[in-house]
Structures are given as C-alpha cells and as structure tokens.
Amino acid sequence: MIIQGSKSALQGYDGKYRQRTERLVEFTKDACKLYRELLNFPDDVTIVIKPMKKFAGLYYEDKKKVDISFKFNPNIPFLEILAHELVHAEQHHTSKIHPVWLEKKHAWAYYWDGKLWDNDITDYQRYINQPWEIEAFTRQSELALTVWEILEAKYS
Ligand SMILES: [Zn+2]
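Residues numbered from 1 in each chain as written. Predicted model: local features only at pLDDT ≥ 70, side-chain atom pairs only at ≥ 80, totals over all residues.

1. Thoughts on the overall build of the protein chain
Here is step 1 of the chain: Secondary structure summary: the protein chain contains five helices and seven strands in total.
Here is step 2 of the chain: Helices (α) and strands (β) of the protein chain occur, in sequence order from the N terminus, as β-α-α-β-β-β-α-β-β-β-α-α.
Here is step 3 of the chain: A compact globule built from 156 residues would reach a C-alpha radius of gyration of about 15 Å, and the protein chain, at 16 Å, matches this within 12%.
Here is step 4 of the chain: With the C-alpha coordinates of the protein chain rotated into their principal frame, the extents come out at 50 × 35 × 30 Å.
Here is step 5 of the chain: Buried positions account for 29% of the 156 residues belonging to the protein chain.
Here is step 6 of the chain: In the protein chain, of all internal contacts separated by at least 6 residues, the share reaching a separation of at least 24 is 56%. (Helix = DSSP H or I, 4+ residues; strand = E, 2+ residues; numbered from the N terminus. Rg over C-alpha atoms; globule rule 2.2 N^0.38 Å. Buried ≥ 20, exposed ≤ 12 C-beta atoms within 10 Å, placed from the backbone. Contact = placed C-beta atoms within 7 Å.)

2. Overview of the sheet that holds strand β2 (residues 46-50)
Here is step 1 of the chain: Pairing in this open sheet of four strands is mixed, and the strands run β1-β2-β4-β3 from one edge to the other. Each edge of the sheet is formed by a strand with only one pairing partner; in this case those strands are β1 (2-5) and β3 (57-60). Shown here is a sheet whose adjacent strand axes are inclined to one another by a mean of 15°, direction ignored.
Here is step 2 of the chain: Here five bridges tie β2 to strand β4 (residues 65-69), and the two strands are oriented parallel to one another. Following the sheet pairing, valine 48 is matched in β4 by aspartate 67.
Here is step 3 of the chain: Relative to the sheet, helix α2 (residues 18-38) contacts β1 and β2, its axis offset from that of β1 by approximately 160°. (Pairing = 2+ DSSP bridges. Axes fitted to C-alpha atoms, helices over the stretch in contact; angles between N-to-C directions.)

3. Considerations on unusual backbone geometry
Here is step 1 of the chain: Located in the positive-phi region is lysine 64, a residue other than glycine, with phi close to 50°.
Here is step 2 of the chain: Mapped onto the fold, lysine 64 is located in the loop between β3 and β4.
Here is step 3 of the chain: Classification of lysine 64 as partly exposed rests on a count of 18 C-beta atoms within 10 Å.
Here is step 4 of the chain: Phi is positive for histidine 106, close to 55°, though the residue is something other than glycine.
Here is step 5 of the chain: Its location among the elements puts histidine 106 in the loop between β5 (97-102) and β6 (107-112).
Here is step 6 of the chain: Taking the number of C-beta atoms within 10 Å as the measure of exposure, histidine 106 has 7 and is therefore exposed.

4. Some remarks on the nonpolar core
Here is step 1 of the chain: The biggest cluster of nonpolar side chains holds 29 residues, and the ones touching the most others in it are Val66, Leu79, Leu82, Ala83 and Leu86.
Here is step 2 of the chain: Looking at this core, the element that brings in the most residues is helix α3 (residues 76-93), giving eight residues.
Here is step 3 of the chain: Setting aside residues no more than four positions away along its own chain, alanine 83 makes contact with Tyr35, Arg139, Gln140, Leu143 and Ala144. (Core = buried A, V, L, I, M, F, W, Y, C linked by C-beta atoms within 7 Å.)

5. Brief notes about α2
Here is step 1 of the chain: The first and last C-alpha atoms of α2 sit 30 Å apart over 21 residues, in line with the 30 Å expected at 1.5 Å per residue.
Here is step 2 of the chain: Along α2, the residues that are buried comprise Thr21, Leu24, Phe27, Thr28, Ala31 and Tyr35. (Expected span 1.5 Å × (residues − 1).)

6. Some points on the pairing of β2
Here is step 1 of the chain: Summarising the sheet, β1 and β2 pair through four bridges and their orientation is parallel. Opposite glycine 5, over in β2, you have isoleucine 49 as the bridge partner.

Written as structure tokens, this is what we have:
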C-alpha cells in the first residue's frame with residue numbers, strides 16, 4: 001500500500017494544507033491497516049490525499065488507486081469515504097465487478113455478478129442505484145464505525 005499526499009496538497013496553496021494533509025496521511029495509514037482486515041482490496045493499492053473539485057473520493061480500477069479529497073478532518077465522514085472507495089477496490093479485486101468494452105456502443109460498461117449493466121448514467125439517482133454503489137453506500141458506515149471505535153482514542 002502506498003499512502004501519500006499529492007504534491008499540490010503538500011506544497012500548493014503556499015503550504016497552507018501541508019499539516020492537514022500530513023495528518024490525513026498518517027490517519028489514513030492507521031485506518032487502512034484496519035480496513036485491510038475487513039476488506040479484500042489489493043495489497044498494492046495507492047491512496048492519494050489531494051484537492052478534488054467534484055468528488056469526495058474516487059477509485060480507479062485500472063491504476064488500483066484511490067483519490068480522497070483533503071477537505072475533510074480526520075473523522076467519521078473521511079473514514080466513510082475511504083471505506084466506500086475501498087469497497088470498490090474489493091469489488092474489482094475479487095472480480096465481482098469488471099469492465100467490458102462494448103464495441104457497438106464504443107463505450108465501457110460493467111459486468112456485475114455475471115450480468116451486464118447498462119452504464120448510461122444520466123442522473124445522480126441512476127448513478128447511486130447501480131448495484132456496486134448500493135453495496136458501497138450500504139457498507140461504508142458500519143466499516144467506518146468499526147475502524148473509528150479503534151482509532152478514536154488516538155485521534156479525538
Ligand atoms: Zn462509489
């Protein structure tokens with residue numbers, strides 16, 4: 001596992017976010033040791049704490065990389081976003097989900113549990129109703145709480 005702050009998070013904005021980013025990196029390292037016991041994500045996953053505009057977190061299955069926004073304090077919401085993206089990492093790592101190239105549509109789509117899913121996402125409701133998002137949203141709170149119970153004494 002590689003867990004680091006991006007160059008812009010550490011050095012950009014006149015160094016304003018360096019401390020926060022460094023703290024989040026340490027917090028994420030501790031959290032991921034615990035998530036490792038709860039989730040089957042790749043050993044060589046990379047997690048980058050960085051400025052993000054649109055999303056709080058993203059998982060890139062092709063790079064086995066999680067991006068997490070640095071605009072979170074080390075608290076439960078941050079742990080939930082981290083858990084959410086690591087559930088996606090597990091889904092890909094265990095091949096519960098895998099991308100397929102649809103030549104006819106000239107677009108990527110996903111197989112989920114052996115079934116092809118239409119990936120034309122037109123709105124947020126359809127986005128969060130995809131089965132892999134339902135699973136990630138359903139599991140994130142409990143995973144985060146489990147990890148927070150262990151980390152609380154050190155970080156609160
Ligand atoms: Zn998601």
